[in-house]
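Breakdown of the fold
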Amino acid sequence: MTKLPRIAGRDCVQALERAGFYRKRQTGSHVVMRRDEPFTQVVVPDHDELDRGTLRAIIRQAGLSVEEFLRFLR
C-alpha cells in the first residue's frame, strides 16, 4: 500500500481539479467537488492538514487510485 503524504485540504482540492472535478459549492470549511462524467461528488474539508484515513476515503470516493491521485498532486 502506498503511503499517503500529509497535505492540506486546498492541495487536495487542486489535485481533484486536475483530475476533472470542479468546485460545486463551499459551506463553511467543506468544499463540495463534482465531476459530471461519470457523475461523482466528494466533500473535502478545507483544513490545514487532512487525516490520512480521510484523504484515502476522498480518493476512493473520487474513483481514483492512490498512484493516480499522487500524479495529480504534483
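Before reading on, note that the structure itself is shown above.
Presented here is a report on the structure given in the accompanying data block.

Reading guide: rules and limits
For every chain, the first residue of the written sequence is number 1, and numbering continues from 1 onward in sequence order. The predicted nature of this model means local features are confined to residues of pLDDT at least 70 and side-chain atom pairs, given and counted, to a pLDDT of 80 or more, with totals for whole chains, interfaces and linings taken over all residues. Hydrogens and water are ignored here; the side-chain numbers use all heavy atoms of the structure. A strand pair is defined by DSSP finding two or more bridges across the two strands. Working definition: helices are DSSP H or I runs of at least four residues, strands are E runs of at least two. Numbering for both runs from the N terminus. Between N-to-C directions, angles span 0 to 180 degrees; the directions come from axes that are lines fitted to C-alpha atoms, helices contributing only their stretch in contact. Contacts are residue-level and defined by heavy atoms, with any inter-residue pair within 4.5 Å sufficient. Salt bridges are counted wherever a side-chain nitrogen of Lys or Arg sits within 4 Å of a carboxyl oxygen of Asp or Glu. Using a 1.4 Å probe on the protein chains alone, a residue whose accessible area is under 20% of its type maximum counts as buried, one over 50% counts as exposed, and one in between counts as partly exposed.

1. Description of the sheet that holds strand β2 (residues 30-35)
- Taken in spatial order, the three strands of this open sheet run β1-β2-β3, and their pairing is antiparallel. Two strands bound the open sheet, and with one partner strand each, they are β1 (22-27) and β3 (40-45). Each neighbouring strand pair of the sheet contributes to a mean axis angle of 25 degrees, computed without reference to strand direction.
- Summarising the sheet, β2 and β3 pair through six bridges and their orientation is antiparallel. Bridging across to β3, methionine 33 finds its partner in valine 42.
- Each of β1, β2 and β3 touches helix α1 (residues 9-18); the most contacted strand, β3, lies at about 160 degrees to it.

2. Notes on unusual backbone geometry
- Backbone torsion omega between glutamate 37 and proline 38 reads -15 degrees, so that peptide bond is classified as cis.
- Position of proline 38 relative to the elements: it lies in the loop between β2 and β3.

3. Focus on the pattern of salt bridges
- Applying the stated criterion across every chain yields a total of three salt bridges.
- A salt bridge links arginine 6 to glutamate 49; the nearest nitrogen and oxygen atoms lie 3.4 Å apart. Here arginine 6 is found in the segment before α1, whereas its partner glutamate 49 is found in the loop between β3 and α2 (52-61), with 43 residues between them in sequence.
- With relative accessibility at 43%, the residue arginine 6 sits in the partly exposed group.
- On the basis of relative accessible area, glutamate 49 is assigned to the partly exposed category, the value being 49%.

These figures come from the coordinates and say nothing about function on their own.
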